[in-house]
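# Breakdown of the fold
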Amino acid sequence: MSSHTGSHEDENLPERREGAQGEVATRENPFADPGLPPHEPRKQDIDERSAKRSERTVALLFTVSMLATIGFIASYVIFPIDQLVTIWPLGRISALNFSLGMTLGIALFCIGAGAVHWARTLMSDHELIGERHPVEADEDTREKVLADFHQGAKESQLGRRKLIRNTMFGALALVPLSGVVLLRDLGPLPEDKLRHTAWSKGKMLVNQNTGEPLRPEDITVGSLVFAQPEGLEEGSHDFQKEIAKAAVMLVRLEPNDIKDKRELDWSHEGIVAFSRICTHVGCPVTLYEQQTHHVLCPCHQSTFDLADGARVIFGPAGHPLPQLRIGVNDDGFLEAQDDFAEPVGPTFWERG
């Protein structure tokens, strides 16, 4: 009974293949190391024409990757962000998102597919056994690693297959450009928008509370009036963006109290107009002390002297409040003589 069972178990053990090196698995030693099977050369190893076809295939994949990366970048220019297209079975989707996803996916896939095909058809496929060794390598091991590296570099045929090498380098060099283009999603470029506001020569100053144009007699000594440019409607879609740069405050001072010459020249009968946007982090300046002519930002207590060019006398603000040059038109209304001479609000790195 036992001999029959033993024969049955031996039948299920793998047979030693011809040419294989190693131990033979038996009933007594079923986990013996069978060794590696004999190496069988690939078609590319014995036929240079097949190797050339594989080389061209890999180069084609890398070239497609380069073209897809260029297509990814071009998609940003070609497709508007709000354009929709119908693609079965996805339905109505963003043309920009679809083109970006497809081109980037193709670029990455072709690099991976090219590398796999290169490794499977042209690189050496000999299996090597790496014996375990201590963590600390001795001199012989280091020399062996270096020799293996040079051998691997030789067997990869990177130097010989120049077409693969050049197209691979091209694909790897272009793919990172996709990440650079993605920086566009941080928002539109500011260009010089931060240097300009809705103010321009001839625009009347409108009371921000009543919506009525302001006359010099509307501004009394000791009062603080908030104003905005004419034509800026509160219900418009860009109102918040524009008022965040164009809001001004008007104060009437005694001309003899104004210490800064340019401030006096840009005023009208002692009425001065300064940006209401704090130069620290952009909070609205709202607190006015008429005896000292100081205005205070309630956020971080930056304090500006309106009698001395709105210079900073306390707090974290980095520079004075910009002044708007004003005058009076033929109808007796206060108007701007130009836009602000310097950017309003917090400092930005291009400000100079």
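Residues numbered from 1 in each chain as written. Predicted model: local features only at pLDDT ≥ 70, side-chain atom pairs only at ≥ 80, totals over all residues. Heavy atoms only, no water.

### So, helix H4 (residues 95-121)
The end-to-end C-alpha distance of H4, which contains 27 residues, comes to 38 Å, matching closely the 39 Å that a straight helix rising 1.5 Å per residue would cover. The set of residues buried in H4 consists of Ala95, Leu96, Ser99, Leu100, Thr103, Ala107, Cys110, Ile111, Gly114, Trp118 and Thr121. Buried-residue contacts for H4 involve helix H2 (43-46), helix H3 (48-78), strand E1 (84-87), strand E2 (91-94) and helix H6 (162-174). The backbone nitrogen of Leu96 lies 3.4 Å from a side-chain oxygen of the residue at the head of H4, namely Ser94. (Helix = DSSP H or I, 4+ residues; strand = E, 2+ residues; numbered from the N terminus. Expected span 1.5 Å × (residues − 1). Buried < 20%, exposed > 50% of the residue type's maximum accessible area, 1.4 Å probe, protein only. Contact = heavy atoms within 4.5 Å. Polar contact = N/O pair within 3.5 Å; in protein donor to acceptor, adjacent residues only side chain to side chain.)

### Quick notes on the sheet that holds strand E7 (residues 287-289)
The strand order across the open sheet formed by 4 strands is E7-E8-E9-E10, and the pairing between neighbours is antiparallel. Edge positions in the open sheet fall to E7 and strand E10 (311-314), since each of these has one partner strand only. Averaged over all neighbouring strand pairs, the angle between strand axes comes to 30°, with direction disregarded. Bridge count between strand E8 (residues 294-296) and strand E9 (residues 303-305): 3 bridges; the pairing is antiparallel. Looking across to E9, one finds that Val295 is bridged to Phe304. (Pairing = 2+ DSSP bridges. Axes fitted to C-alpha atoms, helices over the stretch in contact; angles between N-to-C directions.)

### Concerning the state of the cysteines
In total, this model carries 1 disulfide according to the counting rule given. Free of any disulfide, Cys278 has its nearest cysteine sulfur in Cys297, 3.8 Å distant. (Disulfide = S-S within 2.5 Å.)

### Quick notes on the pattern of salt bridges
Enumeration over the complete set of coordinates arrives at 13 salt bridges. Here Glu342 makes a salt bridge to Arg262, at a shortest N to O gap of 3.9 Å. With Glu342 in the segment after strand E13 (334-336) and Arg262 in helix H9 (residues 261-265), the pair connects residues that are 80 residues apart, well separated along the chain. A residue is classified by how much of its surface remains accessible, and Glu342, at 22% relative accessible area, is partly exposed. Within the structure, one salt-bridge network assembled from shared partners comprises Glu48, Lys52, Glu55, Arg160 and Arg161. (Salt bridge = Lys/Arg side-chain N within 4 Å of Asp/Glu carboxyl O.)

### Some points on the UniProt feature "transmembrane region" (unreviewed entry) in the protein chain
Mapped onto this structure's residue numbering, the UniProt feature "transmembrane region" (unreviewed entry) falls at residues 58-78, 98-119 and 163-183. A helix fraction of 100% and a strand fraction of 0% characterise residues 58-78, whose end C-alpha atoms lie 30 Å from each other. Along residues 163-183 one finds 86% helix and 0% strand; the C-alpha atoms at either end are 32 Å apart. (UniProt positions renumbered as here; feature names shortened; annotations may be inferred.)

### Considerations on the nonpolar core
Of all hydrophobic cores here, the largest spans 19 residues; its most connected members are Met249, Val285, Val295, Leu306 and Leu321. Sorting the residues of this core by element identifies strand E5 (248-252) and strand E6 (271-275) as the ones contributing at least two each. Residues contacting Met249, with those up to four places away along its chain left out, are Leu224, Val225, Phe226, Val272, Ala273, Phe274, Ser275, Arg276, Val285, Val295, Leu306 and Leu321. By size, the runner-up hydrophobic cluster in this structure holds 18 residues, among which are Ala198, Val248, Ile326 and Phe340. (Core = buried A, V, L, I, M, F, W, Y, C linked by side-chain atoms within 4.5 Å.)

### Overview of the packing of aromatic side chains
Evaluation of the coordinates by the stated rule reveals 1 aromatic pair. Where Phe72 meets Tyr76, the ring centres are 5.9 Å apart and the plane angle is 65°; that geometry is what we call edge-to-face. In this pair, Phe72 and Tyr76 both sit in helix H3, 4 residues apart, roughly one turn of the helix. For Phe72, a relative accessible area of 2% puts it in the buried group. A cation sits over an aromatic face here: Arg215 above Phe333, 4.0 Å from the ring centre. Between Arg276 and the ring centre of Phe226, over which it is positioned, the NZ or CZ distance is 3.7 Å. (Phe/Tyr/Trp six-rings, centres within 6.5 Å; stacked < 30°, edge-to-face > 60°. Lys NZ or Arg CZ within 6 Å of the ring centre and 35° of its normal.)

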